[in-house]
Each structure stands twice: as structure tokens, then as C-alpha cells.
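A look at the structure
What follows is each chain in one-letter form.
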Amino acid sequence: MVVELIPATKNALALLLLAMADDEFVLGYSDSEWTGIAPILEEDVAISSLAQDELGHAQALYRLLAELVADGRDADNFAYDRPPEGYYHARLLDHPRGDWANTIVRRFLYDTADAVRLEALVGSSYAPLAELVGKMRREERYHVMHVTTWFERLATAEGEPRRRLLEALERMGPDAGTVLSPLPTELALEMAGISEAPLPELERRWRASLSLLFERLRLPALPPTRDPEQARTAHSDAFRWLHDEFTSVRRLDPGATW
Amino acid sequence: MIDAGTVDEAAVRLALAEVADPEIPVVSVTDLGMIERVEVRPEEIRVELLPTFVGCPAVDMIKAAVAERLSAFGRPVFVDTTFRVPWTSERITASGRAKLRASGFAPPTADSAVRCPYCGSGNVALDNLFGPTQCRSLRYCRACRQPFEQFKTV
């Protein structure tokens, strides 16, 4: 399907697709580091399946991006052939895998924010995105259920699990909102009806949706986002390490296919 | 040999019913409700598939298997996928559900309606929402003490 978009809308849409694809890609790769070493066997299967879902979502989003920009790059070029500074994922996902509590908190914060973002895109004026999001939400629903169960389990446990969860929240809290921090092209997205609501409004909805749960679990409220204008740039050493890992096969044999 | 002159949608759909799912080979792509559209033209055959999951790694294998099976009709075959219509587990046919049960898979249902495919008991537990592939969950039957898999409800 060829959709005629004015350049400003096209650029804004490309940036949104890149942000979403990189989010799913980096989280998927990061969580896949647990394959084989997760705390229990069932969770090894679950986190590997979650990671596989995210990489699939990233691939589908990179394909939409490749079709939109139509400059000869394919999904794999976007996924693997950029330097670390070229990635546009939220700073929340720059945090390393860490311990199990860290992984659960990072995923909980991401999945709940992503759910709000996806909900706002279901009726997107850009049909290919609306269609993909409709399908992705059916899978992400399971992710939110699963990670919320873990989040509550750690928060309601006595002693070490709760202490580790609190430490992870303290570490990542200031970066939690970066998934929904405004994009520089925000206005063009809104005007073209790509998203049902602007990102600051989505961030408000997301924070409101968490407040009851945080109260019930006696957890401190999330702090405001630190440096929101750098929410998706200036990546961490932990990400540079991960980038080196996930591009290693590609660099070993550029252009190889399965 | 197939007479190329009598190729019609029904013949193509019949052939598609022979293409097995690579991950659960007891069911075909037709049983799973993955076929959204079949177009038979004098110069080509076009098939539109619905992936069960966005990142299903079997999609390319399924596309190749469909193209291979339909190549018998002697005209170019084009197989595409789309998300325009989301695949949902409701698309699995009644015979597909029966075949799943017969091979130890519970078909997708509401949580309260899950039955053990071995003994039929409803006294089952959810072991893991996630299973060996993206589309499967792990369950356990407390009545016959048999672990089994369920096709995820999406």
C-alpha cells in the first residue's frame, strides 16, 4: 500500500517507528541474556519467549520503517548496521540486565508504558501501523500479565526480594518515563492523526495507571523524568557492551543469510 | 497430473489443507485458519496468509511450503502475509481443534473452559503462560497428573 505523506509527517512517523522498533529490539536482546540461566526453569522458558516476541515486533516495525523511508535499507540493516549512538531506544532500556529484580522492574516499567503507547496507536491514521499494533497488543497483553505477577510477588515478599526491587526502582525510577518522553517531532504526529494523543498526555495516563498499584504495594511514587530532552540519546556503557554482543555475528560475516 | 484448465479456488484450498504447520504438524494451515485470501487467475495464484504471532519464526517455512504445494498447478504462485486482519485463535476450525486434542494439545479457550486433552478433566493448572514456542502455554492436569500444552488464546 502506498500512502502519500507530506515530508514533515513522514519524518515524524519514521522517528516514532524507529523509537518503537529500537525499544523492542534492545529489550528483547537484553532479556534474551537470561536464556539458560534464569532463576527457575519455567521462567527460563517464559523470558526467552518474551524476548522472542519483542524481537519479532522489532522486525515488523523495522520493516514498516524500511518501507516508509524506502532508501534501500532493509530491516536487518536497521537492526544491525548502526553504531551505538545511532540507536533511539528509551534510556530506561540502557540499564543492564542486572539481577532478576532489575530485569523485572525494567520490563514492568517498559511494558506498562508501552501498553499505553500502543493503545493510542490502534486507530492511527497510518493504516500499516494501526494493523500491526492491533496484532501486537494481543501478545503484549500476556507480557503485562506475566511481569505484573512477578512485580507483585517481589514487592510483597519479605526481606531480600523486596529490598532488591526497591533498589532497582530507585536506580531506574528517574528513567522510567523516558519511554513516553516527547519526540522532537511530536506536533507533526498529532496533526496527522498518527497517534490519538500526544506523548505527554500518554505519560500522564501511564503514571495515573500505576499509582493505585504502587500505593497498594507501599512503593514510593516514581520520580519525574531526568533530562527528558535526552530520553533517547547519550546511551550508556552497558548498552555499548550489549551492542557489541548483538552485532558480533553480523560483523563476523557481513551480509550472511540463514 | 492436474489439468491446469480446471484450477479454481476450491482446488487450491483443497491443496492448502495438505500443508502442515511445521511446529505442530498434525494441523494444516487451513485447520489453523491462517488462509485469509486465495485468488486464482489464469496467469497466477495468489495466497494471503495470517501469521499466528507477529514474530513467528515458522512463517518463512510456511510460505515456502505453500508455494511448493501449489507449484503443482503449473502457474506462478505468490504467497504474502498481512496483519490487516489479525489472526485470532478463534480462527482455528472445529476439525483443527479435534486434531489438536487428539495429539495432546488443548485448543485455545477461555481460562475456565480448559480441559485436559488426555482425560477430559477440568481440574487443570496453568504452569506457565509461555511455552516452547510463542503460541503455546504449559498446563498440568491434576486428575491424570499429565502435563500438556495449550494453544495460546490470542
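In this text the structure is predicted, and so the values were computed from the model without any measurement. (Residues numbered from 1 in each chain as written. Chains lettered and ligands numbered in written order. Predicted model: local features only at pLDDT ≥ 70, side-chain atom pairs only at ≥ 80, totals over all residues. Heavy atoms only, no water.)

1. Section: the packing of helix α2 (residues 41–69) of chain A against helix α4 (residues 100–119) of chain A
Two packed helices can be described by the angle between their axes and the distance between those axes. Residues and elements named next belong to chain A. For clarity, the cut-off: Working convention: axes come from line fits to C-alpha atoms, limited for helices to the stretch in contact. Angles between N-to-C directions cover 0 to 180 degrees. Put simply, DSSP marks the helices as runs of H or I at least four residues long and the strands as runs of E at least two long, and each gets a number from the N terminus on. Each angle receives one of four descriptions, namely roughly parallel if under 35 degrees, roughly antiparallel if over 145, roughly perpendicular if within 65 to 115, and oblique otherwise. Take the far helix as the reference: if the near one is turned anticlockwise from it by less than a right angle, the crossing is left-handed, and if turned clockwise, right-handed. Whether two residues touch is decided by their heavy atoms; if any such pair falls within 4.5 Å, the residues are in contact.
Running from N to C, α2 and α4 cross one another at 40 degrees; their axes reach a closest spacing of 14 Å. Classed by the angle they form, the pair α2 and α4 counts as oblique. In this structure, the crossing between α2 and α4 has a hand that is left-handed. For the pair α2 and α4, the contacting residues are E43, I47, L50, A51 and E54 in the first and W100, T103, R107 and D111 in the second.

2. Observations regarding the layout of surface pockets
The following threshold applies: The rule is simple: put a 1 Å grid over the protein atoms alone, call a set of points where a 1.4 Å probe fits but cannot get out a cavity, call an open set with protein on both sides within 12 Å along at least five of seven lines a pocket, and count a residue as lining if it has an atom within 4 Å of a point. Grid points are joined across faces, edges and corners, and a volume is the space filled by probe spheres set on the points. Ten residue types, Ala, Val, Leu, Ile, Met, Phe, Trp, Tyr, Cys and Pro, are classed as nonpolar, four, Asp, Glu, Lys and Arg, as charged, and the remainder, Gly among them, as polar.
One number sums up the size of the second largest pocket: a volume of about 230 Å³. Around the second largest pocket, the lining residues are A:I40, A:E42, A:E43, A:M145, A:H146, A:T149, A:W150, A:R153, B:L126, B:D127, B:N128 and B:L129. Residue assignment for the lining of the second largest pocket shows that the elements contributing at least two residues are α2 and α5 (127–156) of chain A together with β5 (124–128) of chain B. The element best represented in the lining of the second largest pocket is α5(A), accounting for five residues. Looking at the lining of the second largest pocket residue by residue, the classes come out as five nonpolar, three polar and four charged.

3. Focus: the pairing of strand β3 (residues 77–81) of chain B
All names here are of chain B. The criterion, for reference: Note on pairing: DSSP must find at least two bridges between two strands before they are called paired. Note on handedness: a clockwise path from strand one over the helix to strand two, with the strands aimed away from the viewer, defines a right-handed crossover.
With five bridges connecting them, strand β2 (residues 44–49) and β3 associate as parallel partners. Looking at β3, one finds that E48 is bridged to D80. Remark: the β2/helix α2 (residues 59–70)/β3 crossover connection has right-handed handedness.

4. With respect to the interface of chain B and chain A
Under the convention used in this document: The term buried area means the drop in 1.4 Å probe accessible area that two parts suffer when joined, counted for both and summed. Here a salt bridge means any side-chain nitrogen of Lys or Arg lying within 4 Å of a carboxyl oxygen belonging to Asp or Glu. Each polar contact in these results corresponds to two N or O atoms within 3.5 Å; when the atoms are within protein, one needs to be able to donate a hydrogen and the other to accept it, and residues that are neighboring in sequence are counted only if both atoms are side-chain atoms.
Every contact between the two is made by 22 residues of chain B and, on the other side, 21 residues of chain A. Overall, the association of chain B and chain A removes approximately 1900 Å² of surface from exposure, summing both partners, and the carbon and sulfur fraction of that is 64%. Of all residues in chain B, B:V54, B:F83 and B:F130 give up the largest surface area on contact with chain A, accounting jointly for 34% of the area buried on that side. Counting every contact that joins chain B to chain A gives zero salt bridges. Our enumeration of links across chain B and chain A arrives at seven residue pairs in polar contact (both at pLDDT 80 or more). Each residue belonging to the side of chain B that touches chain A can be placed in one class, and the counts come to 11 nonpolar, eight polar and three charged.

5. Focus on helix α1 (residues 9–16) of chain B
Note that an α-helix has 3.6 residues per turn; residues three or four places apart therefore point the same way. All names here are of chain B. Convention followed: The buried label applies to any residue whose accessible area, calculated with a 1.4 Å probe on protein chains only, is under 20% of its type's maximum; exposed applies above 50%, and partly exposed to all values in between. Taken from the helix axis, the directions to the C-beta atoms give the arc we talk about.
Those residues of α1 lying buried are V12, A15 and L16. One side of α1 carries all its buried residues, which in axial view fall inside an arc of 100 degrees. Pointing more than 90 degrees away from the buried face of α1 are the exposed residues A10 and L14. In this structure, the buried side of α1 is in contact with β1 (35–41), β2 and α2.

6. Remarks on the sheet that holds strand β4 (residues 105–106) of chain B
Read across the open sheet, the four strands follow the order β4-β7-β6-β5 (chain B); overall the sheet is mixed. The outermost strands of the open sheet, each flanked by one partner alone, are β4 and β5 of chain B.

7. Considering the nonpolar core
Rules: In these notes, a set of buried Ala, Val, Leu, Ile, Met, Phe, Trp, Tyr and Cys residues joined through side-chain atoms within 4.5 Å is what counts as a nonpolar core.
Counting residues in hydrophobic clusters, the biggest one holds 115 residues, and the most contacted among them are A:Y62, A:L109, A:L129, A:F151, A:W206 and B:L70. When residues of this core are assigned to their parent elements, the largest contribution, 12 residues, is made by helix α1 (residues 7–32) of chain A. Excluding residues that lie within four positions of it along the chain, A:W206 makes contacts with A:L109, A:T112, A:A113, A:V116, A:A176, A:G177, A:L180 and A:L222. If you look at the next biggest cluster of nonpolar residues, it comprises six residues, including B:A106, B:V114, B:C116 and B:F148.

8. Remarks on the pattern of salt bridges
According to the stated counting rule, one finds 35 salt bridges over all chains in the structure shown. Here A:R117 makes a salt bridge to A:D23, at a shortest N to O gap of 3.0 Å. With a gap of 94 residues between them, A:R117 in helix α4 and A:D23 in helix α1 connect regions that are remote in the sequence. The burial state of A:R117 is the same as that of A:D23; both residues are buried. When the shortest N-O distance is used, the salt bridge between A:R207 and A:E203 registers 3.0 Å. Here the residue A:R207 and the residue A:E203 both occupy positions in helix α8 (residues 199–216), the gap between them amounting to four residues, near one helical turn. Taking the relative accessible area as the measure of exposure, A:E203 reaches 14% and is therefore buried. Among the charged side chains, a network of salt bridges with common partners joins B:R37, B:E39, B:R41, B:E44, B:R46, B:E48 and B:R84.

9. Some details on the side chain of A:D94
All names here are of chain A. Here is the rule: The charge count treats Lys and Arg as positive and Asp and Glu as negative. His and the chain ends do not count.
Its location among the elements puts D94 in the loop between α3 (75–80) and α4. Nearest to the buried, unbridged D94 among oppositely charged side chains is R91, at 6.4 Å. At a separation of 3.0 Å, a polar atom in the side chain of D94 contacts the side chain of H235. Leaving out residues up to four positions away in the same chain, D94 has contacts with H89, A234, H235, S236, A238 and F239.

This is a description of form; function is not addressed.
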